[in-house]
Structures are given as C-alpha cells and as structure tokens.
Amino acid sequence: RVSPEHKIRIVSAWQSRGHVVAMTGDGVNDAPALKRADVGIAMGITGTEVAKDAASMVLTDDNFSTIVKAISNGRSIFGNIKNAIRFLLAGNTAGILAVVYSLIAGLKAPFLPVHLLFINLLTDSLPAIAIGLEPPHGSLMKDKPRDSKKPILDKAFGLQVLLEGIIIAFVTMTAYYLGTMNGGHGAGMTMAFATLSLSRLVHGLNCRIDEPLSFKTLWLNPYSYLALLGGALLLSIVLFLEPLHKTFEISILSSQQYMSIGLLSIIPLIFVQIGKRITRMIHN
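Note that the coordinates shown come from a computational prediction; the quantities given were computed from them, not determined experimentally. (Residues numbered from 1 in each chain as written. Predicted model: local features only at pLDDT ≥ 70, side-chain atom pairs only at ≥ 80, totals over all residues. Heavy atoms only, no water.)

Peer 1: It is not clear to me how the pairing of strand β1 (residues 22-25) should be interpreted in this structure. Could you clarify?
Peer 2: The side chains of a regular strand alternate between the sheet's two faces. Burial along β1 is one-sided: Met23 and Gly25 are buried, and none of Ala22 and Thr24, which face the opposite way, are. Pairing between β1 and strand β2 (residues 39-43): 4 bridges, direction parallel. Considered in β2, the bridge of Gly25 is made with Ala42. Each parallel crossover has a hand, and the one from β1 via helix α2 (residues 31-36) to β2 is right-handed. (Buried < 20%, exposed > 50% of the residue type's maximum accessible area, 1.4 Å probe, protein only. Helix = DSSP H or I, 4+ residues; strand = E, 2+ residues; numbered from the N terminus. Pairing = 2+ DSSP bridges. Right-handed = clockwise from strand over helix to strand, strands pointing away.)

Pasting the structure below:
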C-alpha cells in the first residue's frame, strides 16, 4: 500500500532515532527496504527471489512466530560464546596471576608444567563445552538489541574477567600457603594445583548466564553439572591414585587439607553470585 521509497524512508526514520529495525516482505517492491533494514526478513514460500536475495533471513515456513525463535536462539548462541570466552580468560588469568605473584614474592613455583597442562586439558574442555550447550532462557527476550558494532571484549567485560581471575588466584595462593605451612612446598604445590583446578570447574557455573543463578535457571543445563562432576572425578584420580603421584609430584594430604581445598574452591562461586545480585539491584 506504499511505494518502495516510502518503505525505505520509514526504515531510515526509525534507524535515525537509534532503533534496530527489522523489515519483513515478500515482493520485489520490498527488496530495497529489506536491504536497508538492520535485519531483512523474507518469506520463503510466497516470497520472490529478489526479496530472498535482499534479505538477511528467510522464513522457510512463512510463520512470523519463527522470527521470535530465531532471535531467541541467536541471542542464546551469542551469549554462550561470550560466556565461554569469559570462563576461559578468567581461569587462565588466575593461573597467570598466581605465577606472577609467586615470582614477585620470591616463592617457589606453585605449579609444574605438567600441572598447568592438566589444568588446561581439564578445565578448558568440559565446562566450556557445557557452557556452549546452555539453552535459551526467559530473560533473553527482555534485553534490548545489542549494538552490532560493539566488540565482545569491551572494557566492562575485561574488568569482569580480571576481577574473577583475581578471586580465583587469591584462593589458589591461599591454598598454597596453607599447604606450605603444614607440609612444605610439596604439599603447598599439591593444594594450589587442586584448588586452581576445582575452583575453575566450579567457576563454570558462574559463567553459564549473566544473571545470578536462581531456582528457575539452576537446573536448565544438566551438562554443566556433568562437566563439574567429570572434572572432579579426573582430578580425584590424579590426587588419590598412587601410580600418578610421581608423574604429577603429588603429596599426600590430610583430610583437613582436602576440606580446605573444597571450601576455598567454592569461594569464587559465592563472591561472583553476590556480585551479580548487587549489580542487578543497582541497575533495577
């Protein structure tokens, strides 16, 4: 009922006001506006080839509700990628900070090369894969469209990664000091290795979604708990299987020291969840 020029003017008017514009159409006269819009959506059944070529999305079933599903899935995939990057960078930052602190403080190395290789193999695989399998959740569709020009690694994201890395590095070095005081460097190294491994596995729960965990979102992704349990099992094999002690230079720890490792490893989870709730209260 309007000309192609009018459709372009309508799209451009909304864009000039700072809105993200989606345009749906099926005819040849819709093609210019489909091309101009941020997201052009063409009909797959009734749409012309010109409209399909100009659009960035084609509805193969001509059902408008599919647009909602596509947006939800797209936001979920983007969020999962971002959260997986956050998880990997925060964990590796913690390891780097722990080593740098040891050098500055004149301490012996808290990790062996085989420890770092095992940590990377253990924590950079299972939890990251589980984060990538996080399903879409209800609050995704309440967010405003993101700026397509905004990079993933912005200042706020980098600060978040650094703070989480500092927390994990802190509990790791605390475990090292506790082990050193009660068993020498070998025990300290074993406790630091176990704490860094387990705390990074637990931190995977923090990185599942941006919002704080609740009863609604706690069990949406069972793969995250399978990754945590599987990683903890592999870590336990290294800590308790005697034939591996020589390879990893593992010291025998007391039950109290193992309890300290467990308590220290959940501190990042507690601190990050508290921080998320405080941030949400401030923004609301």
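Peer 1: Just checking my understanding: could you explain the packing of aromatic side chains for this structure?
Peer 2: Any two aromatic rings considered together are summarised by their centre-to-centre distance and by the angle between their planes. Summed over all chains, the structure comprises 6 aromatic pairs. Pairing Tyr176 with Tyr177 gives two aromatic rings, centres 6.1 Å apart and planes at 70°, and the pair type is edge-to-face. Its relative accessible area of 4% is what places Tyr176 among the buried residues. A residue is classified by how much of its surface remains accessible, and Tyr177, at 32% relative accessible area, is partly exposed. The rings of Phe118, Phe193 and Phe248 are connected pair by pair, giving a single aromatic cluster. The lysine or arginine in question, Arg146, covers the ring of Phe78, its NZ or CZ lying 3.8 Å from the ring centre. (Phe/Tyr/Trp six-rings, centres within 6.5 Å; stacked < 30°, edge-to-face > 60°. Lys NZ or Arg CZ within 6 Å of the ring centre and 35° of its normal.)

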